[in-house]
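Notes for the structure review
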Amino acid sequence: MSVTLPGLADDSESYVEWGNDVLRLLIAHGPHTTPRLVALWHAAEAGPDQLGLRRSALPVLEVALAGDGRVGTSGKRHVDGAAAQRMRLTGLAEDREQTLVRLRLELADESTGLRAMVHLELADGIPVLRSWAELTADRELAVDYATTGVVSGLGHGARWEDELAVWEAANPWSGEFRWRRSALSERGLYDVGMTRFNQVGSKNRVSLTSTGAWSTSEHLPLGIVEDSRTGRMLGWQIESSSAWHAELGDRYGDVYLAVLGPTSHEHQWAAELAPGDTFATVPVALVVVPGAGDVDTTLGDLAAALTAHRRRTRRPHPDHTGLPVVYNDFLNALMSDPTTERELPLIEAAADLGAEYYVIDAGWYDDESGGWWDSVGAWEPSTSRFPDGGLDAVVDRIRELGMKPGLWLEPEVVGVRSPVADELPAEAFFQRGGRRVAEWGRYQLDLRHPAARAHLDAVVDRLVDRFGLAYLKLDYNVDTGPGTDGGSGEPLGAGLLGHSRVHLAWVADVMDRHPGLVVEGCAAGGSRLDAASGAVFPVQSLTDQQDFRLVPPVAAAAPLAITPEQSGVWASVEGSMSQEEIAFSLVTALLSRVHLAGRIDTLDEAQRAVVRDGLAVYRTFRAAIARSVPVWPLGLPGWRDPWVVLGARDGTDLYLAVTRRGAEPGGADVVRLPLPGLRAAGEVEVLYPTWHDDSIAVADDGCSLEIKLPAPMTARLLRVAVVPR
């Protein structure tokens, strides 16, 4: 754990080797060189080629200033910032707090007055480096980009255009977590040979960029670089609910990775520093796992590390271990059109089936019968929808039947027809060029303004106190673009980042004021499934997918991005479904958070028994979900895969949700499931459903399972004892 500072001459380069029991890093610095991250490696790997990596090593803080730019190269890349090259190490300190060790590096650029405190953080036993920087200045400066998420020397000594692969995830609405793997050459990055002529490289890059207020509406802010020679994986995660950017590029014969928050070029962003100001960069997490013999085992190791990191860095909440069953009246049921008459049968059915929370979704404030979209903002209960006691009577019935009540809210928006739009000052809304930003009939609140926060605090406190709410679902259904100038001409991206950070702080404050309140994060399904949101919201909605047959690939891929105990998965059921289809929908959700949905009031008694049985089984092992790490016996699922399998390993117990959606070519109804890095230590137990004419057997000396399901649209929840191979 100790910091090593070799005693070299004053004018030569020195090295800092630092880390924990599983992850190590090497930083070079000196009076004539910026502190550079030479290598980042897992303790199970061989140490770095120190001399070979020196040329391509990049600064531990990559930063560029407006009017200063980059040096030594030009193009679209976010490396070689002139300010970064001038930074020198002026101080170094290490401290430990229980299982957490931190290294702080003080940096300074004397020519511009830019100062930085770089924070590096590691937890014992977890190969994840979390880093960020705090920037200050002696004079007025504008920062174009800044990140501590820079790793160079990837693919060193390799034919990296073919031997390095990048994993990235598209995140389409209602089809989230669509991972793909491709070689760098397939993404257009080649070794063009120019380093032989002392040139930097190709100037190309493989890049992903998210703009606007939906942080994950097109891509997830995480990815993997895989070295196919060794199987080693380097994963990255950007911890922000705002705009972000990531890129891979070639530089001096090696490949670098840079992951950032918003930038000047991509997001109309700048951090404008005056003397005394401090700007904190977006935190990034870097994870390294050595090759484990096969891709799926290595991927599982990486996912386990990220899962441990996310559990460590999130805000504590009792919901993380309770995992209560939620019924929500929206999906395939009331679809934002609630009334007392429609709610009461669903409330009775939800209680009968074993739901623990009942959430009334959108529309409870609507007195216009569907005209609420552009009039929201006051959040007063409808009087026309809930006669004979109002919404209070409906909520009382939820509580009488032993469930806890919840409501849906979309706090950040105010409809253009809402009276609130005129009651709040103009500065309380997103603005650009003196005009309020409007999108699809809504204005966007800027929660940095005291009036905006006071309005939402009053709304939430009133609703929680009046109805005794135990659950709030906070949605966000419009993307208002690059940001706000705050009415003062600030860079748009800076306004968006500022609002996003205050929004999450506001959510945390709501839960502090109302202990025990569960707050679900939602943004048109999975459009804000970032790590910063996951660190605050106890549970998050993954998708808006309404077809239960299409939910398995969403639910099965989710644990690479979010912990399973925070993943709200729809289990939609209704009376027209067969018992196998009902079980299929339940099994899809049973290794996550069950969000029961659909017209449950149309189920007959036999169908209700199928749901009750599934939820009863869930309650017996849900505590294990909160301790589990994901396993993918068939790899990450494709969108059209006929078999989708997700595993959750809790110590020696491996739970498997196996769904057969369609027939294999030729009509095969058997699938063989390798157990990545594991071996079965006993027979397989079918936990749910208990009826079956299928066969399940241990094969390959315990290294795989052979499963036969009788027909498409069937699913089974299994448990098997396992040991490491």
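One can find the structure itself at the top, above this paragraph.
What this report covers is the structure whose coordinates are included nearby. What you are looking at is a predicted structure, and each value in this text was computed from that prediction instead of being measured. (Residues numbered from 1 in each chain as written. Predicted model: local features only at pLDDT ≥ 70, side-chain atom pairs only at ≥ 80, totals over all residues. Heavy atoms only, no water.)

1. Notes on the sheet that holds strand E38 (residues 670-674)
Strand order across the open sheet formed by three strands is E38-E42-E41, with antiparallel pairing between neighbours. A strand with exactly one partner marks an edge of an open sheet, and here the two such strands are E38 and strand E41 (695-699). Pairwise comparison of adjacent strand axes, ignoring direction, gives a mean angle of 20 degrees for this sheet. Where E38 and strand E42 (residues 704-708) come together, five bridges link them in antiparallel fashion. From the neighbouring strand, arginine 672 faces E42, where its bridge partner is glutamate 706. (Pairing = 2+ DSSP bridges. Helix = DSSP H or I, 4+ residues; strand = E, 2+ residues; numbered from the N terminus. Axes fitted to C-alpha atoms, helices over the stretch in contact; angles between N-to-C directions.)

2. Quick notes on the pairing of strand E12 (residues 164-170)
Along E12, six of the seven residues are buried, which leaves the element largely enclosed by surrounding structure. As defined by bridge partners, E12 adjoins strand E15 (residues 219-227) across six bridges and the pair is classed as antiparallel. Paired with valine 166 across the strands is valine 225, a residue of E15. By the bridge criterion, six bridges tie E12 to strand E13 (residues 178-183) in an arrangement that is antiparallel. The residue of E13 that forms the bridge with alanine 169 is tryptophan 179. (Buried < 20%, exposed > 50% of the residue type's maximum accessible area, 1.4 Å probe, protein only.)

3. Things to note about the environment of leucine 346
For leucine 346, the position within the fold is in helix H8 (residues 340-353). Note: C-alpha distance between leucine 346 and alanine 597 (251 residues apart in sequence) is 9.8 Å. If we ignore the near neighbours within four places in the chain, the residues touching leucine 346 are Tyr327, Asp329, Leu334, Tyr358, Gly598, Arg599, Ile600 and Asp601. (Contact = heavy atoms within 4.5 Å.)

4. Things to note about the sheet that holds strand E23 (residues 357-360)
Pairing between the strands of a sheet comes from backbone hydrogen bonds, and it takes one of two forms, parallel or antiparallel. Taking strand neighbours around the barrel as the criterion, the eight strands line up as E22-E23-E24-E30-E31-E32-E33-E34 in a closed arrangement whose pairing is parallel. Averaged over all neighbouring strand pairs, the angle between strand axes comes to 30 degrees, with direction disregarded. With three bridges joining them, strand E22 (residues 326-328) and E23 adopt parallel strand pairing. Bridge pairing in E23 links valine 326 to tyrosine 357.

5. With respect to the packing of helix H15 (residues 579-589) against helix H16 (residues 605-625)
At a minimum axis distance of 10 Å, the contact between H15 and H16 shows a crossing angle of 25 degrees. By the angle between their axes, H15 is roughly parallel relative to H16. Between H15 and H16 lies a crossing of right-handed hand. In this structure, H15 uses Gln579, Ile582, Ala583 and Leu586 to contact H16, whose residues at the interface are Ala606, Gln607, Val610, Val611 and Leu615. (Parallel < 35°, antiparallel > 145°, perpendicular 65-115°, else oblique. Left-handed = near helix turned anticlockwise from the far one by under 90°.)

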